[in-house]
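Secondary and tertiary structure notes
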Amino acid sequence: MSDESQELGITESKSHKPGEWYAEVVQKANLADYAPMGGFIVTKPRGYALWEAIQESLDGWFTDTGVDNVYFPMFIPESFLEREKDIVEGFDPEVAWVTHGGHDELEERLAVRPTSESIIAPFMADWTRSHRDLPMRLNQWCSVVRWEATETKPFFRTKEFMWQEGHTAHASNEGAWEEVWTRLGQYERVYEDVLAVPVLRGKKPEHDKFPGADTTTTVEALMPDGKSVQGATSHNLGQSFAEAFDITFADEDEKEQTAYTTSWGLSWRAIGALIMTHSDDQGLVLPPTVAPTQVVIVPIWQEDTKEDVLEYSEGIADDLEAAGFRVELDDRDERNPGFKFNEHELNGVPLRLEIGPHEVDDAEVTLVHRPDNAESVAGRDGIVDAVDEHLDEIFDKLYESAEENLEANVREAHSPEEILGTIGKHGGYVKTPWCGDEACEEVIKEKIAAEIVMQPLEDEGGSTAGEVPEPDHDECGVCGDPADEIAYFAKSY
Ligand SMILES: [Zn+2]
């Protein structure tokens with residue numbers, strides 16, 4: 001091993017080699033490792049803690065809005081998958097199959113779930129008898145497997161990934177729409193209020209919606225490298241799944257009716273978006289909302305001041321812990337303060353308190369913000385309130401910087417040359433009038449691998465689908481034909 005500090009630090013640059021830089025941050029900040037099989041990762045304690053923070057927020061909101069958690073088997077009989085032809089077609093190349101149990105070949109192949117609609121829906125059909133059973137809202141936290149043969153990128157592209165999938169049934173289409181918007185709103189909230197990542201919300205174009213869905217809604221986050229991340233999706237499945245799986249109910253007049261269903265999911269890709277958005281060439285940057293350690297105290301002593309500095313630091317650590325902060329006192333003897341600063345920077349601890357003999361003498365504390373190294377001094381007496389305020393400031397800094405990036409990177413274009421040129425030069429989103437023809441997306445996709453990542457909706461959030469607003473210009477930005485929709489093109493993860 002060479003110089004230890006070299007070994008510890010990030011060597012790649014976020015702006016020049018975002019892919020390599022990302023992989024290095026994930027490994028060196030101890031979030032995840034690569035598994036022996038290609039396409040799989042091992043999530044380490046500090047990485048899993050981020051997932052738990054996301055889970056905790058979302059799961060609480062789900063519970064508050066009538067969702068019950070369940071768990072279904074990870075294997076789905078082939079005949080179940082086949083009951084919904086769109087699901088089979090949509091996932092066909094990505095399904096992993098179990099063909100043997102021990103030494104015996106199975107009579108029927110079992111799919112490792114790529115999503116669970118086809119095993120949950122038959123049970124929802126069984127459990128739904130009357131309109132009084134509706135709405136039924138089920139959610140499961142689990143992993144799914146999609147055998148995509150791509151390069152592994154922790155939390156972005158893995159064959160197995162953690163997620164939650166919600167499945168609901170409703171007596172009316174209006175009820176299904178309200179559900180779709182409730183979940184999309186919760187996804188927006190987890191990105192913006194928990195991860196400090198602003199998002200755009202809208203719907204996917206017809207040709208890119210979830211197999212079998214009427215409408216797929218999405219929240220999209222813009223990464224600093226100019227690519228969009230599909231943050232989470234919420235689907236109105238209409239009656240197609242209910243028809244395929246006989247989810248029917250007796251209405252108030254005892255007449256049999258077919259239910260309307262929805263499904264919605266957020267995966268650990270949210271962790272990828274979090275890392276990519278805020279982190280820098282020194283390593284991981286985390287908002288205090290999810291940071292496993294929010295505050296680290298680094299005492300700085302000489303032999304003759306050690307006892308005083310440590311005692312003072314311990315008192316502060318105790319106060320902060322009692323106030324509910326996640327705090328660590330780094331009193332390791334064998335490391336000098338400079339090494340500790342670098343390590344906690346790499347690990348993304350939002351706030352560092354530096355305490356030396358001067359701080360002890362003056363009854364003060366020096367506070368340093370991880371994102372921009374901003375330094376200030378607070379009195380010992382008000383330290384709990386000061387830390388609280390500084391953590392809020394750090395969150396706001398992260399959010400505002402991401403928001404500026406998003407706002408500066410939505411541009412309009414009105415010809416194929418302009419769309420291609422704008423995305424090629426700046427990345428980000430290009431907003432253009434669109435005729436609705438998939439062929440127009442293909443034209444752009446073939447040239448620079450950018451696609452329509454979303455279409456904005458107006459008047460959404462209620463019991464209807466919402467409308468795509470009319471464009472100012474009425475000619476498709478690609479083919480020039482009449483256009484009455486707006487589309488956002490971007491390269492995406
Ligand atoms: Zn067109």
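Here the structure is a predicted model, which is why all the values come from computation and not from measurement.

What counts and what doesn't
- Residues numbered from 1 in each chain as written.
- Predicted model: local features only at pLDDT ≥ 70, side-chain atom pairs only at ≥ 80, totals over all residues.
- Heavy atoms only, no water.
- Helix = DSSP H or I, 4+ residues; strand = E, 2+ residues; numbered from the N terminus.
- Rg over C-alpha atoms; globule rule 2.2 N^0.38 Å.
- Buried < 20%, exposed > 50% of the residue type's maximum accessible area, 1.4 Å probe, protein only.
- Contact = heavy atoms within 4.5 Å.
- Donors = N, O, S within 2.8 Å, 3.2 Å for Na, K, Ca; no water.
- Tetrahedral: all angles 85-135°; square planar, octahedral: opposite > 155°, others 65-115°.
- Pairing = 2+ DSSP bridges.
- Axes fitted to C-alpha atoms, helices over the stretch in contact; angles between N-to-C directions.
- Domains from an automatic or database assignment.

Quick look at the overall build of the protein
- Scanning the protein from N- to C-terminus turns up 15 helices and 23 strands.
- Computed over its C-alpha atoms, the radius of gyration of the protein comes to 26 Å, within 12% of the 23 Å expected for a compact globule of 493 residues.
- Taken along the three principal axes of its C-alpha coordinates, the protein extends 85 × 55 × 50 Å.
- By residue count, 53% of the 493 residues in the protein fall in the buried class.
- Of all intrachain contacts in the protein linking residues separated by at least 6 positions in sequence, the fraction that spans at least 24 positions is 67%.

Topic: the coordination of the zinc ion
- Coordination of the zinc ion by the protein comes from Cys 435 (SG), Cys 440 (SG), Cys 476 (SG) and Cys 479 (SG), over a distance range of 2.3 Å.
- Classification of the site at the zinc ion as tetrahedral follows from its four donor atoms and the range of 102 to 117° in their angles at the metal.
- Read in sequence order, the donor residues for the zinc ion give the motif C-x4-C-x35-C-x2-C.
- On the basis of relative accessibility, which here comes to 2%, the residue Cys 476 falls in the buried class.

Describing the sheet that holds strand 6 (residues 104-112)
- The sheet built from three strands is open, its strands ordered 4-6-5 with antiparallel pairing. Here the strands that pair on one side only, and so sit at the sheet edges, are strand 4 (75-77) and strand 5 (96-101). With direction set aside, neighbouring strand axes in the sheet form an average angle of 45°.
- The pairing of strand 5 with strand 6 spans five bridges and is antiparallel. Bridging from a neighbouring strand, Ala 96 pairs with Val 112 of strand 6.

Here we look at the domain arrangement of the protein
- Each assigned domain of the protein is listed with its residue range as follows: domain 1 (10-278), domain 2 (295-395) and domain 3 (413-491).
- The straight-line distance from the C-alpha centre of domain 2 to that of domain 3 is 49 Å.

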